Amino acid sequence: SPRDAITAKQRSLVAPFNSALGSTCEKCGVGSYPSMTRLGIAARLGDRYRIEADIPGQDFSTSSFFSPTTTIIGDPNLGTSNRYSIGIERLPIMGDESKGVSFWDRAGLRLGASYATLPFKPTSVIAPFAKLSVNEMSISAGLGLPMNYESMFDFSVSAGVRTPSITGGAPKDFFFKMGASISLSEKWFVPLRRNDDE
């Protein structure tokens, strides 16, 4: 994918023994950050269910945060990154459509899974001159609970494992993430309406 050029500066703090005489020196340079290419498809199943799949990718092998010249040298510890994701969602029922519907029938549910090749290329512990690739597998789930007419409490969890391409070349990394958010969208955020005769 194409690269995006960015303007970069390297800032050095020159501090002699007497800190009151310290100064800052700046050097202008250039940088490069990879653009993202994404391909996705989504489909609606009935009134409430939605399924989606996407594949984003970036090439970090030539990226650089600072280079004093226009010749940008890539980081040997970075490479290409691709992610394959699929998910299904039951949309929550809100607003006028939620009248007469039980609480759990109004709730929204999400399930997803992804497989990724991460851009990081660490050095192998077994073979110091070999660069590893790191793969990531993860699953995620979410629950959206309507609190009132249009407000929503959203809870999400995701778990996965990052595995090096060579067994024993680097440790496995297990991760777990949890998040919660509240969206408030009720009538008290709408200005009061007054009749003209008042």
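The structure presented is a predicted model; accordingly, all values stated were derived computationally and were not measured.

**Topic: the sheet that holds strand β6 (residues 80–90)**
And then number 1: Spatial strand order, β3-β4-β6-β7-β8-β9-β10: seven strands in an open sheet with antiparallel pairing. Strand pairing shows two members of the sheet lacking a second neighbour, β3 (37–45) and β10 (173–183), which therefore form its edges. Neighbour-to-neighbour, the strand axes of this sheet turn through a mean angle of 10°, independent of strand direction.
And then number 2: With 13 bridges joining them, strand β8 (residues 134–146) and strand β9 (residues 152–164) adopt antiparallel strand pairing. Each bridged residue has a counterpart across the sheet, and for glycine 142 the counterpart in β9 is serine 156.

**Focus on the environment of alanine 141**
And then number 1: On the secondary structure map, alanine 141 appears in strand β8.
And then number 2: Using a relative accessible area of 29% as the deciding quantity, one classes alanine 141 as partly exposed.
And then number 3: Through-space distance from the C-alpha of alanine 141 to that of glycine 112 is 6.4 Å; in sequence the pair is 29 residues apart.
And then number 4: Setting aside chain neighbours within four positions, we find alanine 141 in contact with Arg110, Leu111, Phe155, Ser156 and Val157.

**Quick word on the side chain of glutamate 89**
And then number 1: Tracing the backbone shows glutamate 89 in strand β6.
And then number 2: What makes glutamate 89 buried here is its relative accessible area of 18%.
And then number 3: A polar contact is formed between the side chain of glutamate 89 and the side chain of arginine 50, at a distance of 2.7 Å.
And then number 4: Apart from the residues lying within four places of it in its own chain, the contact partners of glutamate 89 are Arg48, Tyr49, Arg50, Leu109 and Arg110.

**Quick notes on the side chain of serine 81**
And then number 1: Topologically, serine 81 is positioned in strand β6.
And then number 2: Overall, serine 81 belongs to the buried group, its relative accessible area being 17%.
And then number 3: Separated by 3.2 Å, the side chain of serine 81 and the backbone oxygen of threonine 117 make a polar contact.
And then number 4: Those residues in contact with serine 81 that sit more than four places away from it in its chain are Pro56, Gly57, Gln58, Phe60, Thr117, Leu118 and Pro119.

What counts and what doesn't
- Residues numbered from 1 in each chain as written.
- Predicted model: local features only at pLDDT ≥ 70, side-chain atom pairs only at ≥ 80, totals over all residues.
- Heavy atoms only, no water.
- Pairing = 2+ DSSP bridges.
- Helix = DSSP H or I, 4+ residues; strand = E, 2+ residues; numbered from the N terminus.
- Axes fitted to C-alpha atoms, helices over the stretch in contact; angles between N-to-C directions.
- Buried < 20%, exposed > 50% of the residue type's maximum accessible area, 1.4 Å probe, protein only.
- Contact = heavy atoms within 4.5 Å.
- Polar contact = N/O pair within 3.5 Å; in protein donor to acceptor, adjacent residues only side chain to side chain.

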